[in-house]
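Survey of secondary and tertiary structure
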Amino acid sequence: QQPVQSPQAVILREGEDAVINCSSSKALYSVHWYRQKHGEAPVFLMILLKGGEQKGHEKISASFNEKKQQSSLYLTASQLSYSGTYFCGTRGNTGFQKLVFGTGTRLLVSP
Amino acid sequence: NAGVTQTPKFQVLKTGQSMTLQCAQDMNHNSMYWYRQDPGMGLRLIYYSASEGTTDKGEVPNGYNVSRLNKREFSLRLESAAPSQTSVYFCASSNWGIGRIPFNEQFFGPGTRLTVL
């Protein structure tokens, strides 16, 4: 079952902050975040594991609450280049090979 | 390094026609994946190959078949195309992780935009 992302879309001015949430109904082992610019392929941002480890982007941070099966992506001091659609992907405690993606959050950063 | 390449970039088919989408990666990755992306639906996994010689169904496998030809190549076949298969198709690859990360990040190809009339 696909994780649910919120909000579906957000518009920011350059320099503002945003939070994108990802929620699953299943127990999770890890959460992955990707960004896709219009007409391009998704690009990896970060991985968060249960237990607190993470691997990824320098300027974007995220959290993972494994008890609530939720993750949040924090975009601070947004730049024009942050515009795109953000997807979370989740891995369950079984079936590690499958990454199930959410429906995406569209972010538009304007000058 | 070309990364992940896909051919063709665009394709228009008539209902009932067949075709094969090709994917190749030059990063020596073990795992490869096929996704479809439809407006408002995000990325949905069609089939994946965790390692050379294995393939498994994803969330939406009906109407598709796959072949892991070798470690580099993973093809997706539509035997009898239907309008519901109009979509953008992405191939991705990743490597096995180390320690507590079972699979590393996925690298995506540029996509194939398929229209079925």
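Structure's up top.
Residues numbered from 1 in each chain as written. Chains lettered and ligands numbered in written order. Predicted model: local features only at pLDDT ≥ 70, side-chain atom pairs only at ≥ 80, totals over all residues. Heavy atoms only, no water.

Here we take up the overall build of chain A. Check the secondary structure of chain A and you find 0 helices and 11 strands. In terms of overall dimensions, chain A is globule-like: its C-alpha atoms have a radius of gyration of 13 Å, near the 13 Å expected for 111 residues. In terms of overall dimensions, chain A has a C-alpha envelope of 45 × 25 × 20 Å along the principal axes. The burial tally for chain A puts 48% of its 111 residues in the buried class. Sequence-distant contacts in chain A: of pairs separated by 6 or more residues, those separated by 24 or more amount to 56%. When the accessible surface of chain A is split by element, carbon and sulfur atoms take 50% of a total near 5500 Å². Side-chain charges in chain A split into 12 positive and 7 negative, and the spacing between the mean points of these groups amounts to 10 Å. (Helix = DSSP H or I, 4+ residues; strand = E, 2+ residues; numbered from the N terminus. Rg over C-alpha atoms; globule rule 2.2 N^0.38 Å. Buried < 20%, exposed > 50% of the residue type's maximum accessible area, 1.4 Å probe, protein only. Contact = heavy atoms within 4.5 Å. Areas by Shrake-Rupley, 256 points an atom, 1.4 Å probe, with all protein chains shown as cover. Lys, Arg positive; Asp, Glu negative; His and termini not counted. Charge placed at Lys NZ, Arg CZ, Asp CG, Glu CD.)

For the structure shown, the criterion picks out 2 disulfides over all chains. Two residues share a disulfide in this structure: C22(A) and C88(A), whose sulfurs sit 2.0 Å from each other. Between C22(A) and C88(A), the disulfide has an S-S torsion of 70° and is therefore right-handed. You can see C22(A) sitting in strand β3 (residues 18-23) and its partner C88(A) sitting in strand β9 (residues 84-92), a full 66 residues away along the chain. The pair formed by C22(A) and C88(A) is uniform in burial state, with each residue classed as buried. Through a disulfide, C23(B) is tied to C91(B); the S-S separation comes to 1.9 Å. Judged by the torsion about the S-S bond (-70°), the C23(B)/C91(B) disulfide is left-handed. Of this pair, C23(B) sits in strand β3 (residues 19-25) while C91(B) is found in strand β9 (residues 87-94), placing the two residues 68 residues apart along the sequence. There is no split in this pair, since C23(B) and C91(B) are both buried. (Disulfide = S-S within 2.5 Å.)

On to the interface of chain B and chain A. Of the residues lining the interface, 24 residues belong to chain B; the matching set on chain A comes to 25 residues. Roughly 2100 Å² of surface becomes buried between chain B and chain A when both sides are summed, with 59% attributable to carbon and sulfur atoms. Run the count over chain B and chain A and you get 3 residue pairs in polar contact (both at pLDDT 80 or more). Of all the elements in the fold, those that place two or more residues in the side of chain B that touches chain A are β4 (31-38) and β5 (42-49) of chain B. Of all the elements, β5(B) adds the most residues to the side of chain B that touches chain A, at 5 residues. Classifying every residue of the side of chain B that touches chain A by side-chain character gives 13 nonpolar, 6 polar and 5 charged. (Buried area = accessible area lost by both parts, 1.4 Å probe. Polar contact = N/O pair within 3.5 Å; in protein donor to acceptor, adjacent residues only side chain to side chain. Nonpolar A, V, L, I, M, F, W, Y, C, P; charged D, E, K, R; others polar.)

A word on the sheet that holds strand β8 (residues 70-75) of chain A. Residue and element names in this part refer to chain A. Read from one edge of the open sheet, 4 strands run β1-β3-β8-β7, paired in antiparallel fashion. The open sheet has two edge strands with one neighbour each: β1 (4-6) and β7 (61-65). For this sheet, the mean inter-axis angle between neighbouring strands, taken without regard to orientation, is 15°. Summarising the sheet, β3 and β8 pair through 6 bridges and their orientation is antiparallel. Paired with A18 across the two strands is L75, which belongs to β8. (Pairing = 2+ DSSP bridges. Axes fitted to C-alpha atoms, helices over the stretch in contact; angles between N-to-C directions.)

Residues and elements named next belong to chain B. Spatially, the 4 strands line up as an open sheet ordered β1-β3-β8-β7, and their pairing is antiparallel. Every interior strand has two partners, whereas the edge strands, β1 (4-7) and β7 (64-68), have only one. Put simply, the sheet's adjacent strands are angled 15° from each other on average, direction ignored.

Residue and element names in this part refer to chain B. Tracing the chain through its elements places H29 in the loop between β3 and β4. Within the structure, the side chain of H29 is placed 2.8 Å from the side chain of S93, a separation counted as a polar contact. In this structure the side chain of H29 is engaged in a polar contact, spanning 3.4 Å, whose partner is the backbone nitrogen of S94. Apart from residues no more than four positions distant in its own chain, H29 is found in contact with R68, K71, S93, S94, N95 and F107.

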